[in-house]
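So you can see what is in the structure, the chains are spelled out below.
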Amino acid sequence: MEKFRLLNADEIECRIAQVKANGISLLLYKTARTDANLLDETVGEEAWENDFKIVDGVLYGGIGIHTSEGVIWKWDAGTESNTEAEKGRASDAFKRAGFKWGIGRELYTAPFIWVPSGKAKIENGKCYDKFEVSEIGYTEKREIDHLVIINASSRVEVFRMNEKVTANFSKEQSSKITKKDATILEALLKKKDVNIPKLLENYKVSTLEELTAEHYARIMEQLNG
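Remember, predicted model here, so these are calculated numbers, not experimental data.

Concerning the overall build of the chain
Move 1: For the chain, the count of helices and strands is six helices and eleven strands.
Move 2: In the chain, buried positions account for 43% of the 225 residues.
Move 3: Across the chain, the fraction of contacts at a sequence separation of at least 24, relative to all contacts at a separation of at least 6, is 55%.
Move 4: Summing over all exposed atoms, the chain offers an accessible surface of approximately 12,600 Å²; the carbon and sulfur share of this is 47%.

Side note on unusual backbone geometry
Move 1: Not every positive phi belongs to a glycine, and D56 is a case in point at roughly 55 degrees.
Move 2: With respect to the secondary-structure elements, D56 resides in the loop between strand 3 (48-55) and strand 4 (58-67).
Move 3: Backbone geometry at R142 places phi at a positive 65 degrees, although glycine is not the residue there.
Move 4: Within the fold, R142 resides in the loop between strand 9 (131-138) and strand 10 (144-151).

What to know about the pairing of strand 5 (residues 70-77)
Move 1: Where strand 4 and strand 5 come together, eight bridges link them in antiparallel fashion. By the bridge assignment, H66 is partnered in strand 5 with V71.
Move 2: Hairpin connection from strand 4 to strand 5: two residues lie between these consecutive antiparallel strands.

Structural notes on the pairing of strand 9
Move 1: Note that strand 9 and strand 10 share seven bridges and pair antiparallel. If you follow Y138 over to strand 10, its bridge partner there is I144.
Move 2: Where strand 9 folds back onto strand 10 in an antiparallel hairpin, the turn is made up of five residues, including R142, whose phi is positive at roughly 65 degrees.

Concerning the sheet that holds strand 3
Move 1: Read from one edge to the other, the open sheet built from three strands follows the order 3-4-5, with strand pairing classed as antiparallel. Two strands in the sheet have a free side with no partner beyond their single neighbour: strand 3 and strand 5. The average angle at which neighbouring strand axes cross in this sheet is 25 degrees, direction not considered.
Move 2: Strand direction decides the pairing type here: strand 3 and strand 4, joined by eight bridges, are antiparallel. Considered in strand 4, the bridge of F52 is made with G61.

Looking at the pattern of salt bridges
Move 1: The final tally for this structure, using the stated rule, is eleven salt bridges.
Move 2: Taken together, the salt bridges that share partners define one network made up of R5, E11 and E41.

Quick word on the environment of N22
Move 1: Turning to its location among the elements, N22 is positioned in the loop between strand 1 (13-20) and strand 2 (23-29).
Move 2: Placed 93 residues apart in sequence, N22 and V115 show a C-alpha to C-alpha distance of 8.8 Å.
Move 3: Setting aside residues no more than four positions away along its own chain, N22 makes contact with W114, P116, S117 and K192.

Quick notes on helix 4 (residues 179-191)
Move 1: Across its 13 residues, helix 4 extends 18 Å between first and last C-alpha, which sits within 8% of the 18 Å expected from 1.5 Å per residue.
Move 2: Among all positions in helix 4, only A182, L185, L188 and L189 are buried. Down the axis of helix 4, the buried side of the element spans an arc of 130 degrees, and every buried residue falls inside it. Residues of helix 4 that are exposed and point over 90 degrees away from its buried face: K179, K180, K190 and K191.

Side note on the packing of aromatic side chains
Move 1: A full pass over the atoms with the stated rule returns four aromatic pairs.
Move 2: Measuring from ring centre to ring centre gives 6.1 Å for W48 and F94, while their planes differ by 35 degrees; the resulting arrangement is tilted. A residue pair is termed long-range when its members are at least 10 positions apart, and W48 in strand 3 and F94 in helix 2 (residues 85-101) qualify at 46 residues. For the pair shown, W48 and F94 are each scored as buried.

What counts as what
- Residues numbered from 1 in each chain as written.
- Predicted model: local features only at pLDDT ≥ 70, side-chain atom pairs only at ≥ 80, totals over all residues.
- Heavy atoms only, no water.
- Helix = DSSP H or I, 4+ residues; strand = E, 2+ residues; numbered from the N terminus.
- Buried < 20%, exposed > 50% of the residue type's maximum accessible area, 1.4 Å probe, protein only.
- Contact = heavy atoms within 4.5 Å.
- Areas by Shrake-Rupley, 256 points an atom, 1.4 Å probe, with all protein chains shown as cover.
- Pairing = 2+ DSSP bridges.
- Axes fitted to C-alpha atoms, helices over the stretch in contact; angles between N-to-C directions.
- Salt bridge = Lys/Arg side-chain N within 4 Å of Asp/Glu carboxyl O.
- Expected span 1.5 Å × (residues − 1).
- Arc of directions from axis to C-beta.
- Phe/Tyr/Trp six-rings, centres within 6.5 Å; stacked < 30°, edge-to-face > 60°.

Honestly, it's all geometry; don't read function into it.
In structure tokens:
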């Protein structure tokens, strides 16, 4: 079966994850419409279907792709949105099933995205700015290695992944950071009230000491940007 292509910049949305007095953090996500479009593009409009089912009170969404051996299904559970509970849960289940097929899975490799307050309008603990991915690039392993985000209204760049850092790291620099570095980073993250468990999840590690020097440089650049 043909592999789904990587997402283009205009197929990726930005969601505000945290709002603090000194800045905001963003998450990258895809819409159910993007999943449907890629399914049409890759396997054909008539070669896939989707369905939903309740298991122990939990809504699961599934995507079935027609093959020479029959329809192959992949399922996942959804969570409701803040606005429309049922519609949001169904959409989320569909998108998660898409991840199971590999659609947009590269978004899991996104860096920690921090936009300092000087680049975002924050009032009374809220940010009403909208943000867009203007550029994105990937490695041969389908991991994000280039990312530029802009303010959708002003068209001003608010985040850029450090290309020099990602391109020029040696084997030594790819090793784990020192305990001292981890302590310094933890103090700074707490000072800026960053969600540390979420950051660890984004980088697929369990502790700060498991971060590489490259990760450390990226995060420090964003925190001090």
